[in-house]
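Commentary on secondary and tertiary structure
This is what each chain is made of:
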Amino acid sequence: MAIDHFNFDTVDDLPDGGKRFHWTPASVLLTPAGTLQGGAGLGATTAAMEIVTGRPTIWATAQYLSFASGTESLNIDVNVEVSGYNTSQVRCVLSRSGQEILTTHAAMGSRDTTMDDRWDQPLTVATPNDCPRYRFFERGAGHLGDLSDFRLAHGRQLDDIAISKNKGDGSFALWVKCWEGSRMVTSSDIAFIGDFMPLGFADAIGAPFAGNSLDNTIRIGTLVPTEWVLISIRVHQVANGFGHGSASLWSESGTLLGNVSQTSVMRQHKSIRQRSA
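Residues numbered from 1 in each chain as written. Predicted model: local features only at pLDDT ≥ 70, side-chain atom pairs only at ≥ 80, totals over all residues. Heavy atoms only, no water.

1. A word on the overall build of the chain
Scanning the chain for helices and strands turns up five helices and 15 strands. Computed over its C-alpha atoms, the radius of gyration of the chain comes to 18 Å, within 12% of the 19 Å expected for a compact globule of 277 residues. Taken along its principal axes, the extent of the C-alpha atoms in the chain is 60 × 45 × 40 Å. Considering the chain as a whole, with its 277 residues, one finds that 54% of them fall into the buried category. Sequence separation of 24 or more characterises 68% of the internal contacts of the chain that already satisfy a separation of 6 or more. In the form shown here, the chain has an accessible surface area of approximately 12600 Å², with 49% of it arising from carbon and sulfur atoms. Within the chain, one finds 22 positive and 28 negative side-chain charges whose respective centroids are separated by 7 Å. (Helix = DSSP H or I, 4+ residues; strand = E, 2+ residues; numbered from the N terminus. Rg over C-alpha atoms; globule rule 2.2 N^0.38 Å. Buried < 20%, exposed > 50% of the residue type's maximum accessible area, 1.4 Å probe, protein only. Contact = heavy atoms within 4.5 Å. Areas by Shrake-Rupley, 256 points an atom, 1.4 Å probe, with all protein chains shown as cover. Lys, Arg positive; Asp, Glu negative; His and termini not counted. Charge placed at Lys NZ, Arg CZ, Asp CG, Glu CD.)

2. Remarks on the pairing of strand S5 (residues 87-96)
The buried count for S5 comes to seven of 10 residues, which makes it a mostly enclosed element. Where strand S4 (residues 74-83) and S5 come together, eight bridges link them in antiparallel fashion. Each residue of the ladder has a partner; that of Val-80, found in S5, is Val-90. For S5 and strand S6 (residues 99-109), the ladder comprises 10 bridges, and the chain directions are antiparallel. (Pairing = 2+ DSSP bridges.)

3. Let's talk about the side chain of Ser-66
Inspection of the secondary structure assignment puts Ser-66 in the loop between strand S3 (57-64) and S4. Within the structure, Ser-66 has its side chain in polar contact with the backbone oxygen of Glu-100 (distance 2.7 Å). If sequence neighbours within four positions are ignored, Ser-66 has contacts with Gln-99, Glu-100 and Ile-101. (Polar contact = N/O pair within 3.5 Å; in protein donor to acceptor, adjacent residues only side chain to side chain.)

4. Remarks on the nonpolar core
In terms of nonpolar packing, the biggest core is built from 65 residues, with Trp-23, Ile-76, Tyr-134, Leu-174, Phe-192, Leu-199 and Leu-249 touching the most fellow members. When residues of this core are assigned to their parent elements, the largest contribution, six residues, is made by helix H1 (residues 38-53). Cys-131, Ala-153, Trp-175 and Trp-250 belong to the second largest nonpolar core, which has eight residues in total. (Core = buried A, V, L, I, M, F, W, Y, C linked by side-chain atoms within 4.5 Å.)

5. A short note on the packing of H1 against helix H3 (residues 187-194)
Running from N to C, H1 and H3 point in directions that differ by 165°, and their axes come no closer than 7 Å. Between H1 and H3, the crossing angle belongs to the class labelled roughly antiparallel. Regarding H1 and H3, the two cross each other, and that crossing is right-handed. Contacts between H1 and H3 involve Gly-39, Ala-40, Leu-42, Gly-43, Thr-46, Ala-47 and Glu-50 from the first element and Ser-187, Ser-188, Ala-191 and Phe-192 from the second. Here the contact of H1 with H3 is composed, by residue class, of five nonpolar, five polar and one charged. (Axes fitted to C-alpha atoms, helices over the stretch in contact; angles between N-to-C directions. Parallel < 35°, antiparallel > 145°, perpendicular 65-115°, else oblique. Left-handed = near helix turned anticlockwise from the far one by under 90°. Nonpolar A, V, L, I, M, F, W, Y, C, P; charged D, E, K, R; others polar.)

6. Side note on the state of the cysteines
Evaluated as defined, the whole model comprises zero disulfides. Cys-131 takes part in no disulfide bond, and the closest cysteine sulfur to it belongs to Cys-178, at a distance of 16 Å. The class for Cys-131 is buried, based on a relative accessible area of 8%. (Disulfide = S-S within 2.5 Å.)

7. A look at the packing of aromatic side chains
Under the criterion given, the structure shown has eight aromatic pairs. Note on Phe-150 and Phe-196: the rings are 4.9 Å apart at their centroids and 85° apart in plane angle, and the pair reads as edge-to-face. Here Phe-196 lies in the loop between H3 and helix H4 (201-205) and Phe-150 lies in strand S7 (residues 149-154), a separation of 46 residues in the sequence. Like Phe-196, Phe-150 is buried. A cation over a ring is seen here: Arg-183 above Trp-179, with NZ or CZ 4.1 Å from the ring centre. (Phe/Tyr/Trp six-rings, centres within 6.5 Å; stacked < 30°, edge-to-face > 60°. Lys NZ or Arg CZ within 6 Å of the ring centre and 35° of its normal.)

8. Things to note about the pairing of S6
Summarising burial for S6: eight of the 11 residues are buried, a large majority. Examined bridge by bridge, S3 and S6 share seven bridges and lie antiparallel to one another. Following the sheet pairing, Trp-59 is matched in S6 by Ala-107. Linking two consecutive strands that pair antiparallel, namely S5 and S6, is a turn of two residues; a positive phi of about 55° is found at Ser-97 within it.

Have a look at this one:
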């Protein structure tokens, strides 16, 4: 997912002092069902908010309200609610033809400190080249399967799950590559790659389930250049038909790029390939 996918067509001033970005999503940001991937929507809104504030993302959370089918232009309205010395609190709405697709709330900013450190540790896994391809998204269909390369770092292939039907321990990990060569990771990349967190549900449940995201929260760590990103998933629970999980995203060098968490409507894989609510 090169950052080019989050370039905007035009920007207008809004009467309330906000900014409206016009964005045409690329087809490789669409799911097999032909709808905009939720993480891509969150990625686009965080990119717009960073432009408006001139500050990096600290955290952002999106609530998904409806689907956006196809690649017709979308509006992204950004309003800075509070701006302080170090941080800006920002609200954003992504819509099409007056219908809201998602709303994003975020904090943008940074502070000089000598306390930077991390206590979380990456999962010990093989390198991407030593991991098998994870067979889920069809390639050559013109959707996000053509943008993302998945390698199974920890867990089981879907074929193995179908045979054993045994539940997993809730941990699952994939190496994900969305660009060629090593380059600087952005908050938009964290949003896009982090939205693959529901792929961990199948291994945990022992059945071909994933989910449609109801929300997605990203927390940005230390962004560094990398070619592959390890998404280390932890499924917390499935309750009342909804799955809750989180993930840590790591560079190949072991830098913690960020964390994500979300709740999903649990659906069989064949169902999430069709538009549903």
